[in-house]
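Structural features, examined
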Amino acid sequence: LREGEGLISRRPFRKPHHTVSRSALIGGGAIPVPGEISLAHQGVLFLDEMTEFQPDILDLLRQPLEDQAVRLVRLRHSITYPADFMLVGAANPCRCGECLEPNAVCRCSDDSIRQHLNRLSGPLLDRIDLTVEMTRLTAEEMQQSVSVQINPVSLSQEMAMQIRDCWGIQQRRCQHHRLAVSGNARISGPALAVILEIPDATTAFAAQAAARFNLSVRSYQKVLRVARTIADLESCHRVGLDHVAEALQYRFRWPEGMERRGA
Ligand SMILES: [Zn+2]
């Protein structure tokens, strides 16, 4: 290895199957080996068909998502593996997959939808920054998706530049506050709003919304961090109510007319 270079030069992308075992996911075994979450360190852990995973397996992700590391306790000793990964998941909203489609008929009962979505526990959803509902493409969007007029390369180059600028803003802010971390996502604690330079009117608005939507403190802080990031992406110094309103839309919501029960 050359100086300053590691074995891995590209961010890892791991996609374990929904039948993954406990030790294959978080690590362990008779002779301990790192699991998928550590193999995804500094990269992406993608869980497709997230509602097909065993709920107790999914809940194993809660502690590593908080600590960016996993501690495996053995009989006489414990072992800690790094696990700083970005969790990305995809799931159908119900068994038949149609319940969010405006022009389709969902064949699932309310109970079945509830059972299906309850496989993602409240505490796990609480630790996810962004959830987005996606419906099938319209005829027009389908056509656009193969249109030659949109150049995907220049589009992603443009996005990459926007993200790089946004990162720069966050790094400078962290340096200014003499923090060891560099990124909105890693900032927590009682000085969160001061460090992220979010005005009182905005934190108050977010708190009122959090109370109305029954959000946890963790979710409230996530909303503030996401609102800060949205403002950074727009190179906007002031985090306004519109940024909070957009961030609130990324919290997990039950399909219309339903709510979590018996979770
Ligand atoms: Zn359905």
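All values reported here derive from a predicted model rather than from experimental measurement.

Per the secondary structure count, the protein includes 12 helices and five strands. With respect to the principal axes defined by its C-alpha atoms, the protein has extents near 55 × 45 × 45 Å. Within the protein, contacts between residues separated by at least 24 positions form 65% of all contacts whose residues are at least 6 apart in sequence. Carbon and sulfur atoms form 52% of the exposed surface of the protein, whose accessible area is close to 17,000 Å². Taken together, the 31 basic and 30 acidic charged side chains of the protein have centroids lying 7 Å from each other.

With that out of the way, let us pick up the packing of helix 10 (residues 200-212) against helix 12 (residues 241-248). The contact between helix 10 and helix 12 brings their axes to 9 Å, and the two run at 30°. Comparing the axis directions of helix 10 and helix 12 gives the class roughly parallel. The handedness of the crossing between helix 10 and helix 12 is right-handed. In this structure, helix 10 contributes Ala201, Thr202, Phe205, Ala206 and Ala209 to the contact, and helix 12 contributes Leu241, Val244, Ala245 and Leu248. Considered class by class, the residues forming the contact of helix 10 with helix 12 number eight nonpolar, one polar and no charged.

Turning our eyes to something else, we now look at the sheet that holds strand 1 (residues 13-14). Spatially, the three strands line up as an open sheet ordered 1-2-5, and their pairing is parallel. Two strands lie at the open edges of the sheet, namely strand 1 and strand 5 (86-89), each paired on one side alone. Two elements, strand 1 and strand 2 (residues 44-47), share two bridges in a ladder whose sense is parallel. When the sheet's bridge partners are listed, Phe13 is paired in strand 2 with Val44.

What follows deals with the pattern of salt bridges. Within this structure, the stated rule accounts for 12 salt bridges. One salt bridge connects Glu36 with Arg14, and the closest N-O pair in it is separated by 2.7 Å. Of this pair, Glu36 sits in helix 2 (residues 36-39) while Arg14 sits in strand 1, placing them 22 residues apart in sequence. Overall, Glu36 belongs to the buried group, its relative accessible area being 14%. Using a relative accessible area of 28% as the deciding quantity, one classes Arg14 as partly exposed.

This part is about the domain arrangement of the protein. Assigned domains of the protein: these are domain 1 (13-141) and domain 2 (152-248). Using C-alpha coordinates to define each centre, domain 1 is positioned 24 Å away from domain 2. Taken residue by residue, the interface counts eight residues in domain 1 and six residues in domain 2. In terms of surface lost to domain 2, no three residues of domain 1 exceed Asp126, Arg127 and Asp129, which account for 67% of the buried area on that side.

Quick look at the coordination of the zinc ion now. Reference geometry at the metal: tetrahedral coordination by four donors gives ideal angles of 109.5 degrees; octahedral coordination by six donors gives 90 or 180 degrees. Distances from the zinc ion to its protein donors, Cys94 (SG), Cys96 (SG), Cys106 (SG) and Cys108 (SG), fall at 2.3 to 2.4 Å. Considering all four donor atoms around the zinc ion, angles at the metal cover 105 to 113° and the coordination shape is tetrahedral. Read from N- to C-terminus, the donor residues coordinating the zinc ion fall into the pattern C-x1-C-x9-C-x1-C. Taken together, the residues span a long stretch of sequence, with Cys96 in the loop between strand 5 and helix 5 (110-117) and Cys106 in the loop between strand 5 and helix 5 at a distance of 10 residues. The exposure class of Cys106 is partly exposed, given its relative accessible area of 25%.

Moving on: the state of the cysteines. In the structure shown here, the tally under the stated rule is zero disulfides. Take Cys174: it sits in no disulfide, and the sulfur closest to it among the cysteines is that of Cys166, at 11 Å.

Next up on the list: the environment of Ala30. Counting through the fold element by element, Ala30 comes out in the loop between helix 1 (22-26) and helix 2. For Ala30, a relative accessible area of 80% corresponds to the exposed category.

So, about the nonpolar core. Nonpolar side chains tend to gather and get buried jointly when the protein is soluble and globular. Ile37, Leu61, Phe85 and Leu87 are the most contacted members of the largest nonpolar core, which has 24 residues in total. For this core, the elements supplying multiple residues, two or more each, are helix 1, strand 2, helix 3 (55-59), strand 3 (69-73) and helix 6 (122-126). Apart from the residues lying within four places of it in its own chain, the contact partners of Leu87 are Leu45, Leu47, Met50, Leu61, Leu65 and Ile128. Membership of the second largest hydrophobic core comes to 18 residues, among which are Cys174, Leu196, Val223 and Val239.

Thresholds, definitions, all that
Residues numbered from 1 in each chain as written. Predicted model: local features only at pLDDT ≥ 70, side-chain atom pairs only at ≥ 80, totals over all residues. Heavy atoms only, no water. Helix = DSSP H or I, 4+ residues; strand = E, 2+ residues; numbered from the N terminus. Contact = heavy atoms within 4.5 Å. Areas by Shrake-Rupley, 256 points an atom, 1.4 Å probe, with all protein chains shown as cover. Lys, Arg positive; Asp, Glu negative; His and termini not counted. Charge placed at Lys NZ, Arg CZ, Asp CG, Glu CD. Axes fitted to C-alpha atoms, helices over the stretch in contact; angles between N-to-C directions. Parallel < 35°, antiparallel > 145°, perpendicular 65-115°, else oblique. Left-handed = near helix turned anticlockwise from the far one by under 90°. Nonpolar A, V, L, I, M, F, W, Y, C, P; charged D, E, K, R; others polar. Pairing = 2+ DSSP bridges. Salt bridge = Lys/Arg side-chain N within 4 Å of Asp/Glu carboxyl O. Buried < 20%, exposed > 50% of the residue type's maximum accessible area, 1.4 Å probe, protein only. Domains from an automatic or database assignment. Buried area = accessible area lost by both parts, 1.4 Å probe. Donors = N, O, S within 2.8 Å, 3.2 Å for Na, K, Ca; no water. Tetrahedral: all angles 85-135°; square planar, octahedral: opposite > 155°, others 65-115°. Disulfide = S-S within 2.5 Å. Core = buried A, V, L, I, M, F, W, Y, C linked by side-chain atoms within 4.5 Å.

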